[in-house]
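# Residue-level structure breakdown
Below, each chain spelled out in residue letters.
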Amino acid sequence: MRPITITAILALAIISCQKTKTEETTITETDTIVKTEIPETAVADKQCFLSVTGKDSIVFEMKRKGDSIHGIFNVLPAEKDKRISTFKGVLKGNEGNALGTYNGEGMTYVEELHFKVNGNNVVVDFGPTEEGKDGIWRYKKSEKRYEHVIPKVDCRN
């Protein structure tokens, strides 16, 4: 009885393999491309930037898919309150405009974020802001803004 069971299993395995080979020969290259889903990580372009001065650091990470961007922007001073944020927006050419949700000093608020991707750096605008009627903190138009250059680094996954 045992030899018959082993023979039956081997026969099923051989038939299964032959069926698979037959199916593989009927799949065209176009069918394979259409049926294959590409993971988002393969489509999105991730870039990471880090500035460290003494014990203070600024982290800027951005994922891009087409014009859409999202990421994190964290200002991490060693002896002061941290400013942690996530943002979503658009990147046209090398100029990014986004809205960030910030957590800092025990508060949560939404603030605009402007930056430029410039070679191996991201240049982030800083400056005075004021709260708009919509509750979003925006850069004051009459005030001078300054820029902070954050060098590109390899992303950790």
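Residues numbered from 1 in each chain as written. Predicted model: local features only at pLDDT ≥ 70, side-chain atom pairs only at ≥ 80, totals over all residues. Heavy atoms only, no water.

### Quick word on the confidence of the model for the protein chain
Across the protein chain, the average pLDDT comes to 76, with 71% of residues at or above 70. Predicted confidence is poor over residues 1–43, with pLDDT under 50, and the contacts of this stretch with residues over four places away or in other chains come to 5 contacts. (pLDDT = per-residue confidence, 0-100. Contact = heavy atoms within 4.5 Å.)

### Details of a nonpolar patch on the surface
A cluster of nonpolar side chains, Leu50, Val52 and Val153, forms an exposed patch at the surface whose accessible area comes to about 210 Å². Mapped onto the fold, valine 153 is located in strand S10 (residues 146–153). (Patch = residues over 30% accessible without salt bridge, like charges linked within 9 Å, V, L, I, M, F, W, Y side chains within 5 Å. Areas by Shrake-Rupley, 256 points an atom, 1.4 Å probe, with all protein chains shown as cover. Salt bridge = Lys/Arg side-chain N within 4 Å of Asp/Glu carboxyl O. Helix = DSSP H or I, 4+ residues; strand = E, 2+ residues; numbered from the N terminus.)

### With respect to the pairing of S10
In the sheet, strand S1 (residues 45–53) pairs with S10 via 2 bridges, with the strands oriented antiparallel. Bridging from a neighbouring strand, cysteine 48 pairs with valine 153 of S10. Where strand S7 (residues 121–126) meets S10, 6 bridges bridge the pair, whose relative direction is antiparallel. Counted as the bridge partner of valine 123 is valine 149 from S10. (Pairing = 2+ DSSP bridges.)

### Re the pattern of salt bridges
In total, this model carries 4 salt bridges according to the counting rule given. Linking lysine 46 and glutamate 61 is a salt bridge whose minimum nitrogen-to-oxygen distance equals 3.9 Å. Taken as a pair, lysine 46 in strand S1 and glutamate 61 in strand S2 (residues 56–65) lie far apart in primary sequence, 15 residues in all. Taking the relative accessible area as the measure of exposure, lysine 46 reaches 30% and is therefore partly exposed. Glutamate 61 sits in the partly exposed class, given a relative accessible area of 25%. Between glutamate 111 and arginine 83 there is a salt bridge, with its nearest N and O atoms 2.7 Å apart. Residue glutamate 111 is located in strand S6 (residues 107–118), and its partner arginine 83 is located in strand S4 (residues 83–92); the two are separated by 28 residues in the primary sequence. Taken individually, glutamate 111 and arginine 83 each receive the classification buried, so the pair is uniform in this respect. (Buried < 20%, exposed > 50% of the residue type's maximum accessible area, 1.4 Å probe, protein only.)

### Describing the environment of arginine 145
Here arginine 145 is to be found in the loop between strand S9 (136–139) and S10. C-alpha separation for the pair arginine 145 and glycine 127, spaced 18 residues apart in sequence, amounts to 4.5 Å. Excluding anything up to four places from it in sequence, arginine 145 contacts His114, Asp125, Phe126, Gly127 and Tyr139. In terms of polar contacts, arginine 145 uses its side chain to reach the side chain of aspartate 125, at 3.3 Å. (Polar contact = N/O pair within 3.5 Å; in protein donor to acceptor, adjacent residues only side chain to side chain.)

### A look at the state of the cysteines
In total, this model carries 1 disulfide according to the counting rule given. One disulfide in the model links cysteine 48 with cysteine 155; its S-S distance is 2.0 Å. Every disulfide takes its handedness from the sign of the S-S torsion; for cysteine 48 and cysteine 155 that torsion is 115°, giving right-handed. Taken together, the residues cysteine 48 in strand S1 and cysteine 155 in the segment after S10 connect sequence positions 107 residues apart. (Disulfide = S-S within 2.5 Å.)

### Looking at the packing of aromatic side chains
Following the criterion strictly, the structure yields 8 aromatic pairs and no others. Summarising the aromatic geometry, the rings of phenylalanine 60 and phenylalanine 87 are spaced 5.3 Å apart at their centres and angled 25° between planes, so their arrangement reads as stacked. Placement of phenylalanine 60 in strand S2 and of phenylalanine 87 in strand S4 is noted, with a sequence separation of 27 residues between them. Of the two residues, phenylalanine 60 and phenylalanine 87, neither departs from the other in class, the shared state being buried. When the ring of phenylalanine 60 is compared with that of phenylalanine 115, the centres are 4.9 Å apart and the planes differ by 65°; the resulting orientation is edge-to-face. One end of the pair, phenylalanine 60, is in strand S2; the other, phenylalanine 115, is in strand S6, and 55 residues separate them in sequence. Note on accessibility: phenylalanine 60 and phenylalanine 115 belong to one class, buried. Each member of the aromatic cluster is reached from another via a ring pair, and the members are Phe49, Phe60, Phe73, Phe87, Phe115, Phe126 and Tyr146. (Phe/Tyr/Trp six-rings, centres within 6.5 Å; stacked < 30°, edge-to-face > 60°.)

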